[in-house]
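Descriptive analysis of the structure
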Amino acid sequence: MTTFYSEFQKVLLSVDCIIFGFDLSDSKLKILIGKRNMDPGRGEWSLYGGFVRGDESLDESADRTLRELTGMHDVFMRQVGAFGNLDRDPGERVVSVAYYALINVKDYDEKLRQKHGVEWVNIEKIPQMYSDHNIMVSRARKLMRQKMKTEPVGFELLPDLFTLTQLQRLYEAVGGETLDKRNFRKRIKEMDFIEKTELIDKVSSKRGAALYRFNKKAFTEDKNFKL
């Protein structure tokens with residue numbers, strides 16, 4: 001440890017993870033939150049996060065935090081920004097860098113959810129959370145909306161096979177508005193990298209609906225995506 005910068009006040013650095021999931025059972029966009037188990041703010045609703053270790057970068061810290069909570073690797077994750085208001089944490093001066101991640105709800109191990117005491121909560125019914133966590137979620141959702149209009153990141157929230165109805169409901173849940181079915185399907189069918197399979201979904205559709213899949217290789221070659 002050097003003596004450089006000893007005249008300056010030390011500031012704690014943390015990361016907070018905003019984990020979005022799309023629940024096919026009710027077509028709702030959700031986030032993982034839990035009750036805070038440390039002071040200050042013990043018992044308040046909170047995002048899942050932690051302090052950055054001395055031997056890791058911000059991205060490495062966020063990746064470790066996400067992996068500890070979900071047990072999942074290679075998850076889509078992007079930085080939201082830094083939050084550093086003077087009064088954001090009554091304990092110490094803490095600057096937090098928020099990240100948002102996209103996962104399929106069914107891919108998350110139920111045992112891990114129970115172990116960490118977190119719950120999937122409807123994005124439209126988020127309770128008041130600790131500090132500025134509600135603001136973090138609001139900014140993350142805005143960034144995700146923008147990203148999904150120009151890049152196919154929404155497929156991170158869906159299973160490998162999905163119906164067009166499920167795809168439309170995902171975009172409606174993220175955007176918070178109803179889309180015209182005819183126009184949406186017309187646009188989707190113009191995209192070669194969204195492939196129709198020979199499989200039929202008879203679980204969510206009584207009549208049976210065609211199942212589609214996202215072809216990453218075809219998208220890499222095309223990259224003509226805009227919704």
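Read on for an overview of the structure.

The rules we used
- The written sequence of each chain sets the order in which its residues are numbered from 1.
- Given that this is a predicted model, residues contribute local features only at a pLDDT of at least 70 and side-chain atom pairs are listed and counted only at 80 or more, while totals for whole chains, interfaces and linings are drawn from all residues.
- Side-chain metrics in this entry use all non-hydrogen atoms of the structure; hydrogen atoms and water are not considered.
- A run of H or I in DSSP becomes a helix once it reaches four residues, and a run of E becomes a strand once it reaches two; helices and strands are each numbered from the N terminus.
- For every residue, the accessible area (1.4 Å probe, protein chains only) is compared with the maximum for its type, and the residue is labelled buried under 20%, exposed over 50%, or partly exposed between those bounds.
- Contact criterion: two residues are considered in contact whenever any of their non-hydrogen atoms come within 4.5 Å of each other.
- Counting rule for charge: Lys and Arg are taken as positive, Asp and Glu as negative, and neither His nor the chain ends is counted.
- The atoms used to mark charge sites are NZ of Lys, CZ of Arg, CG of Asp and CD of Glu.
- Any Phe, Tyr or Trp ring, taking Trp's six-membered ring, that has another such ring centre within 6.5 Å forms a pair; planes under 30 degrees apart are called stacked, those over 60 apart edge-to-face, and the others tilted.
- Two conditions define a charge sitting above a ring: the NZ of Lys or the CZ of Arg must be within 6 Å of the ring centre, and it must be within 35 degrees of the ring normal.
- Within this scheme, the nonpolar core is defined by two criteria: the residues are buried Ala, Val, Leu, Ile, Met, Phe, Trp, Tyr or Cys, and they are joined through side-chain atoms within 4.5 Å.

Scanning the chain for helices and strands turns up 6 helices and 9 strands. Over its C-alpha atoms, taken along the principal directions, the chain stretches across nearly 65 × 35 × 30 Å. Relative to its full complement of 227 residues, the chain shows a buried share of 44%. If you take every contact in the chain between residues at least 6 apart in sequence, the share linking residues at least 24 apart comes to 66%. Averaging the coordinates of the 39 positive side-chain charges in the chain and doing the same for the 35 negative ones gives two points 7 Å apart.

For the rest of this paragraph, the subject is the packing of aromatic side chains. Enumeration according to the criterion identifies 8 aromatic pairs in this entry. Measuring from centroid to centroid gives 6.2 Å for phenylalanine 76 and tyrosine 100, while their planes differ by 55°, and the two rings are tilted. Here tyrosine 100 lies in strand E6 (residues 94–104) and phenylalanine 76 lies in strand E5 (residues 76–83), a separation of 24 residues in the sequence. For the pair phenylalanine 76 and tyrosine 100, a shared accessibility class is recorded, and that class is buried. Their ring planes at 5° and their centres at 4.5 Å tell us that phenylalanine 155 and phenylalanine 214 sit as a pair that is stacked. Here phenylalanine 214 lies in strand E9 (residues 209–214) and phenylalanine 155 lies in the loop between helix H3 (133–150) and helix H4 (164–175), a separation of 59 residues in the sequence. The pair formed by phenylalanine 155 and phenylalanine 214 is uniform in burial state, with each residue classed as buried. Through a chain of ring-to-ring contacts, the aromatic side chains of Phe155, Phe162, Phe193 and Phe214 assemble into a single cluster. When the ring centre of tryptophan 45 is taken as origin, the NZ or CZ atom of lysine 35, which lies over that ring, is 4.7 Å away. One Lys or Arg, arginine 36, reaches over the ring of tyrosine 130 and ends 4.0 Å from the middle of that ring.

The subject of this paragraph is the nonpolar core. Of all hydrophobic cores here, the largest spans 42 residues; its most connected members are Ile18, Phe20, Tyr100, Leu167 and Ile194. Top element by residues in this core is H4. It accounts for 6 residues. If we skip the residues at most four places from it in the chain, tyrosine 100 touches Ile18, Phe20, Phe76, Met77, Arg78, Val80, Ala140, Leu143, Met144 and Lys147. Grouped together as the second largest cluster of nonpolar side chains are 19 residues, Val75, Ala101, Val105 and Trp120 included.

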